[in-house]
Amino acid sequence: MGLAASAAFRIAAHDHARHDLVSATAPVAPRRPTVLRAHGDERVDDWYWLRNREDPAVREYLEAENAFTRDVMAGTEALQQQLFEEIKSRVQETDATAPARKGPYEYFSRTIEGQQYGIQCRRPAGTLGLPDPFATPGAPAGEEVLLDQNALAAGHEYFALGGFAVSPDHTRLAYSVDVTGGERYELRFRDLTTGADLPDVVPDVYYGLAWANDDRTCFYVRPDEAMRPWQVWRHRLGTPAADDVLVYQEDDERFYAGVGRTRTGRYIIVGLGSKITSEAWFVDADDPDRDLRVVTPRREGVEYDVEHHHSTDHGDRFFVVTNDDGAENFKLMVTPVERPGREHWREVVPHRADVRLEDVDAFAEYLVLSERAEGLERIVVRRLADDDTHVVAMPDPVYSAGVGANPEFETGTLRFEYTSLVAPVSSYDYDVEARERTLVKRQPVPGYDPDAYESHRLWATAPDGVRVPVSVVHRRGLPHDGTAPALLYGYGSYEISIDPAFSVARVSLLERGVMFAIAHIRGGGELGRRWYEDGKLERKPNTFTDFIACAEQLVADGYASPDRLAARGGSAGGLLMGAVANLRPDLFRAVVADVPFVDCLTTILDETLPLTVTEWEEWGNPVADAEIYKVMKSYSPYDNVEAKDYPALLVTAGLNDPRVSYWEPAKWVAKLRALKTDDHPLLLKTEMGAGHGGPSGRYDAWRDEALALAFLLDRLAVT
């Protein structure tokens, strides 16, 4: 039966389908009411049936929406191509990353013009200069190609490299690949002396690889049916995957499992964490068959992470970053490896109310603390011999900086990465004693002039009086009279900080006079742990009202006006987009919601769905808690769609997305089509062969971004 005759849905002329982009008819998904009950409350979900991906009508509907999006955006095809060419022109397509030394080699990756994926390489340590960026891989003296992702991706619509770990003796490579976007990887092994893959193949693995010191044993992680990484396994080269040994199994559905190797190479660490509790186990990398030992048993609400250090003076010890004993912004402790329990922890850096300690990296003679203060990242070096401490200076007032690849333990040089809204990513080597930096690599951006733009920070005031930072970048001299087009970006979940970083694609907006801003809203981690706590669970609505306050501040300060202001966010930031579109549709001309988590209440109520139980500590448990149910229902974007005008919307989804199921954006769009009273474009674009991150190849990703930018520019009336 053809599409037009399908009983599942009909293609009908929408009452408001005609707009200034193109005349088109929009897909209309039929209503099939399903009653959902909880806590004495009933919700009628007319599009619940879209969850059944085995129903051919579901795929037909998604394809129809894709066709509609192509039709509506047909008038912008020239602009899309122009934007794609602009993005491509600002990327040095044949290039190499800054090399990182590990033992006798320097490891790096490179890209070749015309090829979608990266190539992993190495060369003898101490080689002067980077590889000639216009040479064929393997041409510079001593350079070896370890893994060409383009060759592995051949014949696949989607390709992603998951794990990549070289054995301690540098003779073998463990790597994992995904060709669906579903994030279930196949683990393979390669002999680096011959370049040939070994017969060992392990199916269905997740992120995380760690070699033992025998160069034959590799630890990996497996997900359960709900995509929760719950098991750590041990594989011995030359043996069947069926003979692999289960090292650890985490039965508490709130917890994820991960595995890694310490920088010292002495231990394998198995990390276990929920949203609020963590635990670490370890085994000697010289004796990988032994049982794991726990650092200290988990306690509800206590988080800790360990970093190994070894010296002749102090022996083996773990530095521990923890929030134990009420250290909301975390503190640094140390404990002997032979007595790692909590009762032996000794304080090194105390808790500070105004500084969030995020991480520690231990090297032979110093520690590097990754901290956040006054909404900005900072890198702090602490010499172990005398505890002398200093902050690594940064050149811009608004920036992003973090510790880079530092695989060597015995070193006096720290690699760190620096960027800002106007500065491309730069890799520096920092001499910790001389306190001098050396530029190793700066992201080349042909044709870009950073002096043509300026960035700074504003502050908005939320309804409860809290001040919310906003990072702004625009063309120098842009008028502040409300006439400029503007785009406000936000996320605000999981304590993830959206720091001011450079974007090649964003330059196409800035060149056209668009002001770009980041709303550093509660739920993120920009201003410490309390900032996160005040934007989760029952306080989640603060995230949405913070974003609205930031938008209102941009209008009040003349950076934007509602008829020329757009908003964008993805995943949990897509939930943000749905919530603010419901709350203040009058404040935005257009919204781009990438893989949006918009049917959050139904998802978090369904314990059979991937990751639901693990999410309860972030959003609350509406199954058991009637008050949380009420709060989530009050802001769930899908549940709060109304018969009113909405901004123009571009919504994306991934059919194989294991994080935000495709039906969430699909149901949201279907409901908006049925209820909204305006004639603004409403578009759904579903990647039928990809997952959460969209297209995997870089050229495909650029074209995808060009579509989103063209939509925004068209809606904001920017030529």
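Check the entry above for the structure.
*Asks:* With reference to specific residues and values, describe the layout of surface pockets.
*Replies:* Roughly 800 Å³ of volume is contained in the second largest pocket. Together, 30 residues line the second largest pocket, and Tyr489, Arg568, Asp594, Gly693 and Glu705 are the ones closest to its centre. When residues of the lining of the second largest pocket are assigned to their parent elements, the largest contribution, six residues, is made by helix H12 (residues 698-715). Of the residues assigned to the lining of the second largest pocket, the class counts are 13 nonpolar, 10 polar and seven charged.

*Asks:* Any chance you could break down the sheet that holds strand S33 (residues 436-442) for me, citing the residues and the numbers?
*Replies:* The strand order across the open sheet formed by four strands is S30-S31-S32-S33, and the pairing between neighbours is antiparallel. With one partner strand each, in any of the chains shown, strand S30 (400-403) and S33 form the two edges of the open sheet. Strand-to-strand twist across the sheet, computed as the mean angle between neighbouring axes with direction ignored, equals 30°.

*Asks:* Let's hear about the packing of helix H1 (residues 56-72) against helix H11 (residues 663-675): which residues, and what values?
*Replies:* With their axes 12 Å apart at the nearest point, H1 and H11 run at an angle of 65° to one another. On the basis of their axis angle, the class for H1 and H11 is roughly perpendicular. Both H1 and H11 take part in a crossing whose hand is left-handed. On H11, the residues that touch Tyr61, Leu62, Glu65 and Phe68 of H1 are Ala666, Val669, Ala670 and Arg673. Of the residues belonging to the contact of H1 with H11, the class tally is six nonpolar, no polar and two charged.

*Asks:* Before we move on, can you summarise the sheet that holds strand S23 (residues 315-322) with the specific residues and values?
*Replies:* Read across the sheet, four strands follow the order S22-S23-S24-S25 without closing on themselves; strand pairing throughout is antiparallel. Whereas interior strands pair on both sides, the edge strands pair on one side only; in this sheet they are strand S22 (304-311) and strand S25 (346-349). Strand after strand, the sheet turns through a mean of 30° between neighbouring axes, direction not considered. Where S22 and S23 come together, eight bridges link them in antiparallel fashion. Paired with Tyr304 across the two strands is Thr322, which belongs to S23.

*Asks:* Explain empty space enclosed by the protein to me, using residue names and the numbers behind them.
*Replies:* Per the stated rule, a full pass over the model turns up two cavities of 30 Å³ or more. The space that makes up the second largest cavity amounts to roughly 40 Å³. Lining the second largest cavity, in full, are Glu183, Tyr206, Met227, Leu611, Pro658 and Arg659. Classifying every residue of the lining of the second largest cavity by side-chain character gives four nonpolar, no polar and two charged.

*Asks:* Which residues make up the side chain of Ser636, and what values go with them?
*Replies:* Residue placement: Ser636 occurs in the loop between helix H10 (626-635) and strand S40 (648-654). Ser636 gets classed as buried once you look at its relative accessible area, which sits at 0%. Within the structure, the side chain of Ser636 is placed 2.8 Å from the side chain of Asp639, a separation counted as a polar contact.

*Asks:* Tell me what's going on with the packing of aromatic side chains, and back it up with residues and numbers.
*Replies:* As enumerated under the stated definition, the model contains 22 aromatic pairs in all. When the centroid spacing of 5.7 Å and the interplanar angle of 5° are considered together, the rings of Tyr448 and Tyr453 count as stacked. Each member of the pair Tyr448 and Tyr453 is classed as buried. Between Phe597 and Trp619, the ring centres sit 5.4 Å apart and the planes meet at 65°, which makes this aromatic pair edge-to-face. Note that Phe597 is positioned in the loop between strand S39 (590-594) and helix H8 (600-605) and Trp619 in helix H9 (residues 612-619), a separation of 22 residues in sequence. With respect to class, Phe597 is no different from Trp619; both count as buried. An aromatic cluster is present here, built from Tyr185, Tyr206 and Tyr207 joined pairwise through their rings. Over the ring of Tyr428 we find Arg437, and its NZ or CZ is 5.4 Å from the ring centre. Against the face of Phe84 rests Arg703, its NZ or CZ located 3.7 Å from the ring centre.

*Asks:* Can you break down unusual backbone geometry residue by residue, with the values?
*Replies:* Of note in this structure, His39 is not a glycine but carries a positive phi near 55°. The phi angle at Ala717 is positive, at roughly 60°, despite the residue not being glycine. Checked against the element boundaries, Ala717 lands in the segment after H12. Owing to a relative accessible area of 58%, Ala717 belongs among the exposed residues under this scheme.

*Asks:* Requested: an account of the pairing of strand S20 (residues 278-284), with residues and values cited.
*Replies:* Counting buried positions along S20 gives five out of seven residues, so the element sits mostly inside the fold. Here strand S19 (residues 267-273) hands over to S20 after four residues, the two strands then running antiparallel side by side. In the sheet, S20 pairs with strand S21 (residues 293-294) via two bridges, with the strands oriented antiparallel. Looking at the pairing, Phe282 lines up with Arg293 of S21.

*Asks:* Which residues make up H11, and what values do they have?
*Replies:* Helix length check: H11 (13 residues) gives 18 Å between terminal C-alpha atoms against 18 Å at 1.5 Å per residue, within 8%. The element H11 is extensively covered by neighbouring structure, given that 11 of its 13 residues are classed as buried. Among the residues of H11, Trp663, Glu664, Pro665, Ala666, Lys667, Trp668, Val669, Ala670, Lys671, Leu672 and Arg673 are the ones counted as buried.

*Asks:* Provide a residue-level description of the environment of Val201, including the pertinent values.
*Replies:* Position of Val201 among the secondary structure elements: in strand S13 (residues 196-205). Owing to a relative accessible area of 36%, Val201 belongs among the partly exposed residues under this scheme. Residues within four places of Val201 in sequence aside, it is in contact with Glu186, Leu187 and Ala241.

*Asks:* A description of the nonpolar core should follow, citing residues and the corresponding values.
*Replies:* Core analysis: the largest hydrophobic core is formed by 124 residues, its most contacted members being Leu62, Leu488, Phe547, Leu554, Phe588 and Trp668. The dominant element in this core, judged by the number of residues it contributes, is H12, at 10 residues. For Leu62, the contacting residues outside a window of four places in its chain are Leu655, Tyr662, Ala666, Leu684, Thr686 and Met688. Within the second largest apolar cluster, 18 residues are counted, among which are Ala212, Tyr248, Val259 and Leu611.

*Asks:* For the pairing of strand S15 (residues 217-223), give the residues involved together with the corresponding values.
*Replies:* Counting buried positions over the seven residues of S15 gives seven, a clear majority of the element. Taking every second residue as pointing to the same face, both faces of S15 are buried, with Thr217, Phe219, Val221 and Pro223 on one and Cys218, Tyr220 and Arg222 on the other. As paired elements, strand S14 (residues 209-211) and S15 share three bridges and run antiparallel to each other. Each residue of the ladder has a partner; that of Ala210, found in S15, is Phe219. In textbook terms, the turn of a hairpin is the stretch between consecutive antiparallel strands, and for S14 and S15 this stretch comprises five residues, one of which, Asp215, has a positive phi near 65°. Examined bridge by bridge, S15 and strand S16 (residues 229-236) share seven bridges and lie antiparallel to one another. Each bridged residue has a counterpart across the sheet, and for Thr217 the counterpart in S16 is Arg236. Between S15 and S16, which pair antiparallel in sequence order, lie five residues; one of them, Met227, sits at a positive phi of approximately 70°.

What counts and how
- Residues numbered from 1 in each chain as written.
- Predicted model: local features only at pLDDT ≥ 70, side-chain atom pairs only at ≥ 80, totals over all residues.
- Heavy atoms only, no water.
- 1 Å grid on protein atoms, 1.4 Å probe; cavity = no way out; pocket = protein on both sides within 12 Å on 5 of 7 lines; lining within 4 Å.
- Points joined across faces, edges and corners; volume = space filled by probe spheres on them.
- Helix = DSSP H or I, 4+ residues; strand = E, 2+ residues; numbered from the N terminus.
- Nonpolar A, V, L, I, M, F, W, Y, C, P; charged D, E, K, R; others polar.
- Pairing = 2+ DSSP bridges.
- Axes fitted to C-alpha atoms, helices over the stretch in contact; angles between N-to-C directions.
- Parallel < 35°, antiparallel > 145°, perpendicular 65-115°, else oblique.
- Left-handed = near helix turned anticlockwise from the far one by under 90°.
- Contact = heavy atoms within 4.5 Å.
- Buried < 20%, exposed > 50% of the residue type's maximum accessible area, 1.4 Å probe, protein only.
- Polar contact = N/O pair within 3.5 Å; in protein donor to acceptor, adjacent residues only side chain to side chain.
- Phe/Tyr/Trp six-rings, centres within 6.5 Å; stacked < 30°, edge-to-face > 60°.
- Lys NZ or Arg CZ within 6 Å of the ring centre and 35° of its normal.
- Expected span 1.5 Å × (residues − 1).
- Core = buried A, V, L, I, M, F, W, Y, C linked by side-chain atoms within 4.5 Å.

These figures capture arrangement, not role.
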